[in-house]
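Structure assessment
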Amino acid sequence: MCGRTACTLAPQELSRAACYRDRAGRRRRPEWRAGDPDQYRPSYNKSPQSLSPVLLSRRHLDKDAPVDECVVAAMRWGLVPAWFQESDPQKMQYSTSNCRSESLLQKKSYKEPLLKGQRCVVLADGFYEWQRQKREKQPFFIYFPQSRTPGPAGAPDTPIAVSLDPETHTVGPNSFDTQDNQTMEQEGCEWTGWRLLTLAGLFDCWSPPGGGTSLYTYTIITVEASQNLQSIHDRMPAVLDGEEEVRRWLDFGEIRSLEALSLLRPNNTLTFHPVSTLVNNSRNNSPECVQPVEVGVKKAPPPSASSKAMMTWLQSASPQKRKEQGPLAEREKPGERGGGTGAASASGRGTLQNWLIRTEPSKKARTG
């Protein structure tokens, strides 16, 4: 299953990271649906009922648009069927945040959107899953493998997307010929940041019986877990690996519903690492949610006010000054409180790339 995701890119970054290929093979940058960038909120901890970025064919929103032209929309997580008769979508009696691929044609809530071609791709940095243990559950963050390439002089390395070579079955950086690179630049698709997960989903549009604004909602399709994730959970989202799979899932004019179902299968290329139980509470939204942790290591108790004051003093003065002046004589300097500038703020940049650059070897991600 999938009950929590992270999506931390700003709207314009997300549009660049979501570039797709049309039927002619050209890479194109999708536009946001009008008004949606203002509704979307980046988050390290998205839960059902929140708004998430979804890629879909523009034809669903504009009958005159080409089927292979895509758009990004902010949709609410948790599908509300078009036929739902209550005036309040919160009155849904069952959860529709996930739907099993095996029952797509058996349940009316999912069968009708599927047969109408209302397929979408949910965009996320990654998703969380909880491994059952004896006394508690250990959360893991699961995502596409990432690689690093040298950035500008003096800047940290920049992650780049990686892909699975169909011939050698090895992971390596995506490669494009010169002509394709030129097309990418012209279309604004020159993205070298975090490679987004592309999850297969279905969406529907519900309108209040008494009239009012229509509500677009979606569900994430799940499949049996891949071999490398089975130790964490027995289910996983259906991941579309690569631009061709994304194109085929979204192009409902060329790929019929029953044919598209063949794209729903376990993906064994994902990687993962354990994270803090901080993510258990959906109200927690900070970089700590995705940072790797060592499983089994006890956390230190939260510092008291006096210990915080002592640490500030220790960090703000040299040993000689402390000896000469004493702790009360040293005053806190501007920017030395948590959230200030310098080293203190570097640890809270809020980017997923930080763990790739600064994480110790013992905390690096695992693929199995």
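Residues numbered from 1 in each chain as written. Predicted model: local features only at pLDDT ≥ 70, side-chain atom pairs only at ≥ 80, totals over all residues. Heavy atoms only, no water.

This paragraph deals with the pairing of strand 6 (residues 51–57). Of all seven residues that make up strand 6, six are buried, and the element is covered over most of its length. Where strand 6 meets strand 7 (residues 70–77), seven bridges bridge the pair, whose relative direction is antiparallel. Looking at the pairing, V54 lines up with A73 of strand 7. Relative to strand 9 (residues 119–124), strand 6 runs antiparallel, the two being bridged by two bridges. In the strand pairing of strand 9, L55 is matched with V121. (Buried < 20%, exposed > 50% of the residue type's maximum accessible area, 1.4 Å probe, protein only. Helix = DSSP H or I, 4+ residues; strand = E, 2+ residues; numbered from the N terminus. Pairing = 2+ DSSP bridges.)

This part takes up the packing of aromatic side chains. All told, the structure shown has eight aromatic pairs when counted by the stated rule. Ring plane angle 50 degrees and centroid distance 5.1 Å describe the contact between Y128 and F141, whose orientation is recorded as tilted. Here F141 lies in strand 11 (residues 137–143) and Y128 lies in strand 10 (residues 126–132), a separation of 13 residues in the sequence. Ring centres of Y143 and W194 lie 5.5 Å apart, and the angle between their planes is 45 degrees; on these two criteria the pair is classed as tilted. Within this pair, whereas Y143 is found in strand 11, its partner W194 is found in the loop between helix 4 (178–187) and strand 15 (197–206), the two being separated by 51 residues in sequence. (Phe/Tyr/Trp six-rings, centres within 6.5 Å; stacked < 30°, edge-to-face > 60°.)

Here H60 lies in the loop between strand 6 and strand 7. Residues H60 and R119, spaced 59 residues apart in sequence, show a C-alpha to C-alpha distance of 9.7 Å. Residues in contact with H60, not counting those within four places in the same chain, are K116, G117, Q118, R119, F203 and F252. One polar contact links the side chain of H60 to the main-chain carbonyl oxygen of G117, over a distance of 3.2 Å. (Contact = heavy atoms within 4.5 Å. Polar contact = N/O pair within 3.5 Å; in protein donor to acceptor, adjacent residues only side chain to side chain.)

Now for the nonpolar core. Formed by 58 residues in total, the largest nonpolar core has its most connected members in L14, Y218, I221, W249 and L270. Ranked by residues supplied to this core, first place goes to strand 7 with seven residues. Discounting chain neighbours no more than four positions away, the residues touching I221 are C99, S101, L104, A200, G201, L202, M236, P237, A238, W249 and L264. Counting residues in each nonpolar core, the second largest holds 11 residues, with W130, W194, V275 and V290 among its members. (Core = buried A, V, L, I, M, F, W, Y, C linked by side-chain atoms within 4.5 Å.)

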